[in-house]
Amino acid sequence: MRSKLFVPGSRPELFAKAAASAADALSFDLEDAVAPGRKAEARAALSHFLQDGAVAPGKLIVVRVNAVGTPHFADDMAAVATPRLDLINLPMVEDAAAVTQAAALLDRIDPAQRIRLLVNIETPMGLRKAAELAAAHPRVAGLQIGYADLFEPTGIDRHDPAALAHIRIAIRLAAAEAGVAAYDGAYAVVKNPDGYREECEAARRHGFAGKSCIHPTQIAIANAAFMPTAPEIERARRIIAAAHDAEAKGIGAYLVDGQMIDAPFLASARAVVALAESLGVGA
């Protein structure tokens, strides 16, 4: 899920166009993008679209529902938990009980345990409890940063590199503790592609798997930034090949390109090759 394109649930005229984009995932929003008086209308339109089967196979479908505890939450879940849905995006999560409540509702709607949860970290309390939230239930597939809600009320500069790095590393390590992925939040300055690219590249260096896109022009930038480069893939394959030779000789650590390699580096190399193969690159 290198790129996840934001699609307002109240704009059904955009659904098919978004589905035809190059985004790895579509993130339909029933929360902040929909005015209170249009929640039912947006929910019905999105449910119809998902049941219609108009989205090509291979593209991940995410729906950001209204938060657990709101009057809209249960209706959102029931309407969008179709066979075409992959992830429910839970906003404003601050305790494990919200995650387990969402999972319990999904257990009734989706007993096959196919639909998973993407948990937003967008409050100070959510950040403090990020590791707990990531491990709250097996349905959790990842954590995602919500920069606006996290930074704006606190007065922290949204574009300060040190602040961004601090938040990203904290959330990536929390996700790693639970063995799930981390996804970077939106970048609202659509007319600054260089700024968006810089954030994508920094997020990848911090171990993130992808980034939200609020405009189609951001999709190609995210897809390129989170794709392994040819030199990275080649080096990963050399590490894997060297590991086979070392294992046959009973050696636990060995040199590749002048660097000492052991188990953590081998795991990283295997992850790079697996990602490359899933994207069909570096063959």
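Scroll up to find the structure.
Residues numbered from 1 in each chain as written. Predicted model: local features only at pLDDT ≥ 70, side-chain atom pairs only at ≥ 80, totals over all residues. Heavy atoms only, no water.

**Topic: the packing of helix α2 (residues 39-52) against helix α3 (residues 73-80)**
Link 1 in the chain: Where α2 contacts α3, the two axes come as close as 9 Å, and the packing angle between them is 20°. With respect to α3, the element α2 is oriented roughly parallel. Seen from above, α2 lies across α3 with right-handed handedness. Contact with α2, carried on its side by Arg-43, Leu-46, Ser-47, Leu-50 and Gln-51, involves Asp-75, Asp-76, Ala-79 and Val-80 of α3 and no other residues of that element.
Link 2 in the chain: Residue composition of the contact of α2 with α3, by class: four nonpolar, two polar and three charged. (Axes fitted to C-alpha atoms, helices over the stretch in contact; angles between N-to-C directions. Helix = DSSP H or I, 4+ residues; strand = E, 2+ residues; numbered from the N terminus. Parallel < 35°, antiparallel > 145°, perpendicular 65-115°, else oblique. Left-handed = near helix turned anticlockwise from the far one by under 90°. Contact = heavy atoms within 4.5 Å. Nonpolar A, V, L, I, M, F, W, Y, C, P; charged D, E, K, R; others polar.)

**Here's the deal with the packing of helix α11 (residues 230-249) against helix α12 (residues 263-279)**
Link 1 in the chain: The contact between α11 and α12 brings their axes to 8 Å, and the two run at 130°. By the angle between their axes, α11 is oblique relative to α12. Of the two possible hands of crossing, α11 and α12 adopt the one that is left-handed. Between α11 and α12, the contacting residues are Glu-232, Ile-233, Ala-236, Arg-237, Ile-239, Ile-240 and Ala-243 on the first element and Phe-265, Leu-266, Ala-269, Arg-270, Val-272, Val-273, Ala-276 and Glu-277 on the second.
Link 2 in the chain: In terms of residue class, the contact of α11 with α12 is built from 11 nonpolar, no polar and four charged.

**Here we look at the pairing of strand β8 (residues 210-213)**
Link 1 in the chain: Where strand β1 (residues 3-8) meets β8, three bridges bridge the pair, whose relative direction is parallel. Following the sheet pairing, Lys-4 is matched in β8 by Ser-212.
Link 2 in the chain: Both strand β7 (residues 181-184) and β8 contribute to a ladder of two bridges, which runs parallel. Residue pairing for β8: Asp-184 is matched across the bridge by Lys-211. (Pairing = 2+ DSSP bridges.)

**Quick notes on the pattern of salt bridges**
Link 1 in the chain: Under the counting rule described, the total for this entry stands at 17 salt bridges.
Link 2 in the chain: Of the charged contacts, one joins Asp-29 and Arg-64 as a salt bridge, the two residues approaching to 2.6 Å between their closest N and O atoms. Taken together, the residues span a long stretch of sequence, with Asp-29 in strand β2 (residues 25-29) and Arg-64 in strand β3 (residues 60-64) at a distance of 35 residues. Pair check on accessibility: Asp-29 and Arg-64 agree, each one buried.
Link 3 in the chain: In this structure, the salt-bridge partner of Asp-86 is Arg-84, at a minimum N-O distance of 3.6 Å.
Link 4 in the chain: For Asp-86, a relative accessible area of 21% translates into the label partly exposed.
Link 5 in the chain: Exposure remark for Arg-84: the relative accessible area of 18% places this residue in the buried category.
Link 6 in the chain: What you see here is one network of salt bridges that share partners, running through Arg-158, Arg-168, Asp-184, Glu-199 and Lys-211. (Salt bridge = Lys/Arg side-chain N within 4 Å of Asp/Glu carboxyl O. Buried < 20%, exposed > 50% of the residue type's maximum accessible area, 1.4 Å probe, protein only.)

**Considerations on the sheet that holds β1**
Link 1 in the chain: If you trace the eight strands once around the closed barrel, you get β1-β2-β3-β4-β5-β6-β7-β8, paired in parallel fashion. Here the average twist between neighbouring strands, direction ignored, is 25°.
Link 2 in the chain: By the bridge criterion, five bridges tie β1 to β2 in an arrangement that is parallel. Each bridged residue has a counterpart across the sheet, and for Pro-8 the counterpart in β2 is Asp-29.
Link 3 in the chain: Lying over the sheet, helix α4 (residues 96-109) contacts β4 (87-90), β5 (116-121) and β6 (140-145), oriented at roughly 155° with respect to β5.

**Some words on the pairing of β5**
Link 1 in the chain: Among the six residues of β5, five are classified as buried, and the element is accordingly described as predominantly covered.
Link 2 in the chain: By the bridge criterion, four bridges tie β4 to β5 in an arrangement that is parallel. Within the sheet, the bridge partner assigned to Asn-89 lies in β5 and is Leu-118.
Link 3 in the chain: Regarding topology, α4 serves as the crossover connection from β4 to the parallel β5, and that connection is right-handed.
Link 4 in the chain: One ladder, built from five bridges, connects β5 with β6; its direction is parallel. Opposite Ile-121, over in β6, you have Ile-145 as the bridge partner. (Right-handed = clockwise from strand over helix to strand, strands pointing away.)

**Topic: the nonpolar core**
One recurring pattern in soluble globular proteins: nonpolar side chains tend to sit buried together.
Link 1 in the chain: Counting residues in each nonpolar core, the largest one holds 67 residues, and the members touching the most others are Leu-26, Phe-28, Val-63, Val-80, Ile-88 and Leu-143.
Link 2 in the chain: At seven residues, the largest contribution of residues to this core is made by α4.
Link 3 in the chain: If we skip the residues at most four places from it in the chain, Leu-143 touches Leu-118, Val-119, Ile-121, Ala-130, Ala-134, Ile-171, Ala-174, Ala-175, Ala-181, Ala-182 and Tyr-183.
Link 4 in the chain: In terms of nonpolar packing, the next biggest core, distinct from the first, is built from 12 residues, Ala-246, Tyr-254, Ile-261 and Val-273 among them. (Core = buried A, V, L, I, M, F, W, Y, C linked by side-chain atoms within 4.5 Å.)

**Some words on the packing of aromatic side chains**
Link 1 in the chain: Throughout the structure, instances matching the rule amount to five aromatic pairs.
Link 2 in the chain: Aromatic side chains Phe-15 and Phe-28 sit 5.1 Å apart centroid to centroid with 80° between the ring planes, which places their arrangement in the edge-to-face category. Of the two residues, Phe-15 sits in helix α1 (residues 15-19) while Phe-28 sits in strand β2, which places them 13 residues apart along the sequence.
Link 3 in the chain: You can call Phe-15 buried: its relative accessible area is 2%.
Link 4 in the chain: A relative accessible area of 0% places Phe-28 in the buried class.
Link 5 in the chain: Looking at Arg-158, its charged tip hangs above the ring of Tyr-147, at a distance of 4.2 Å from the centre. (Phe/Tyr/Trp six-rings, centres within 6.5 Å; stacked < 30°, edge-to-face > 60°. Lys NZ or Arg CZ within 6 Å of the ring centre and 35° of its normal.)

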